[in-house]
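# Summary of structural features
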Amino acid sequence: MSLNHVEIDAVLNEIDIENSHLQKIKQPNFHSLYLEFYKPGGRFGITVCLAPGKTRLHLVPGAPANEIKLQRFAQFMRSRIRGGRVLSMSQIGSDRIVKMEILRAGEEINLWFRLWS
């Protein structure tokens, strides 16, 4: 079952992501994206899933195995945001939309997650 806006807000409050650095980007399948971050004190990963009826965003203990070969979207993400510092991650109003602001090489990049399939 997909997360609603209240649950998304609760998940975002659990994740201490500000000032962390994006280290790894994987697209294990056609519906998911895995992002790994580093912050003094350790690493943590976030999975964003957009599968029909299963849209979610949550912390995960480790990187998932790849089910498909490297896709162009993951390659694009790696070239544009890997190594960047996360300025903030927040939900837009009471919508199921999450905005992540990333600073990389002096350029501020906004990454939007629309959490409905």
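Refer to the preceding data block for the structure.
Residues numbered from 1 in each chain as written. Predicted model: local features only at pLDDT ≥ 70, side-chain atom pairs only at ≥ 80, totals over all residues. Heavy atoms only, no water.

### Digging into the overall build of the protein chain
Worth spelling out the cut-off: Only DSSP runs of H or I reaching four residues or more are called helices, and only runs of E reaching two or more are called strands; each is numbered from the N terminus. In this setup the radius of gyration rests on C-alpha atoms only. A globule is expected at 2.2 Å times the number of residues raised to 0.38. Under the scheme applied here, a residue whose accessible area is under 20% of the maximum for its type counts as buried, over 50% as exposed, and between as partly exposed, the area being computed with a 1.4 Å probe on protein chains only. Note on contacts: a residue pair is in contact if any heavy atoms of the two residues lie within 4.5 Å. Methods summary: accessible areas were calculated by the Shrake-Rupley approach with a probe of 1.4 Å, and residue burial reflects only the protein chains presented. This count recognises Lys and Arg as positive and Asp and Glu as negative, with His and chain-terminal groups excluded. Positions of charges follow a simple convention, taking NZ of Lys, CZ of Arg, CG of Asp or CD of Glu.
Of the regular secondary structure elements, the protein chain holds two helices and seven strands. Put simply, the protein chain runs from its N terminus to its C terminus through helices and strands in the order α-β-β-β-β-α-β-β-β. Whereas a compact globule of 117 residues would reach a radius of gyration of roughly 13 Å, the protein chain reaches 13 Å, a difference of no more than 12%. In terms of principal-axis extent, the alpha carbons of the protein chain reach across some 35 × 30 × 25 Å. Looking at the protein chain residue by residue over its 117 residues, the buried ones come to 42%. The contacts in the protein chain between residues at least 6 apart in sequence include a share of 48% that link residues at least 24 apart. Of the roughly 6,700 Å² of accessible surface on the protein chain, a fraction of 50% belongs to carbon and sulfur atoms. Of the charged side chains in the protein chain, 16 are positive and 11 negative, and the gap between their average positions amounts to 11 Å.

### A few points about the pairing of strand 2 (residues 32–39)
To keep things clear, this is the line we draw: The rule for pairing is simple: two strands pair if DSSP sees at least two bridges between them.
With seven of eight residues buried, strand 2 is to be regarded as a mostly interior element. For strand 1 (residues 21–26) and strand 2, the ladder comprises five bridges, and the chain directions are antiparallel. Bridge pairing in strand 2 places I25 opposite L35. Counted between consecutive antiparallel strands, the loop separating strand 1 from strand 2 contains five residues. Here eight bridges tie strand 2 to strand 3 (residues 42–49), and the two strands are oriented antiparallel to one another. Bridge assignment links Y38 to a residue of strand 3, and that residue is R43.

### So, the pairing of strand 4 (residues 56–60)
Bridge count for strand 3 against strand 4 is five bridges, and the pairing is antiparallel. When the sheet's bridge partners are listed, C49 is paired in strand 4 with R56. The antiparallel hairpin formed by strand 3 and strand 4 contains six residues in its connecting segment, where G53 sits at a positive phi of about 80°.

### Remarks on the packing of aromatic side chains
Put simply, the rule is: Aromatic contacts are taken between Phe, Tyr and Trp rings whose centres are within 6.5 Å, Trp giving its six-membered ring; a plane angle under 30 degrees counts as stacked, one over 60 as edge-to-face, and the others as tilted.
One pass over the full model with this rule turns up one aromatic pair. Relative to F44, the ring of F37 has its centre 5.5 Å away and its plane inclined at 25°; by these criteria the two rings are stacked. Given the relative accessible area of 18%, F44 is considered buried.

### Concerning the nonpolar core
Quick note on the threshold: To form a nonpolar core, buried Ala, Val, Leu, Ile, Met, Phe, Trp, Tyr and Cys residues must be joined to one another through side-chain atoms within 4.5 Å.
Counting residues in each nonpolar core, the largest one holds 26 residues, and the members touching the most others are I17, F37, I46, M100 and F113. When residues of this core are traced back to their parent elements, those giving at least two are helix 1 (5–14), strand 1, strand 2, strand 3, helix 2 (72–81), strand 5 (85–91), strand 6 (97–104) and strand 7 (107–114). F113 has contacts with L33, L35, V48, R96, I97, V98 and M100, leaving out every residue within four places of it along the chain.

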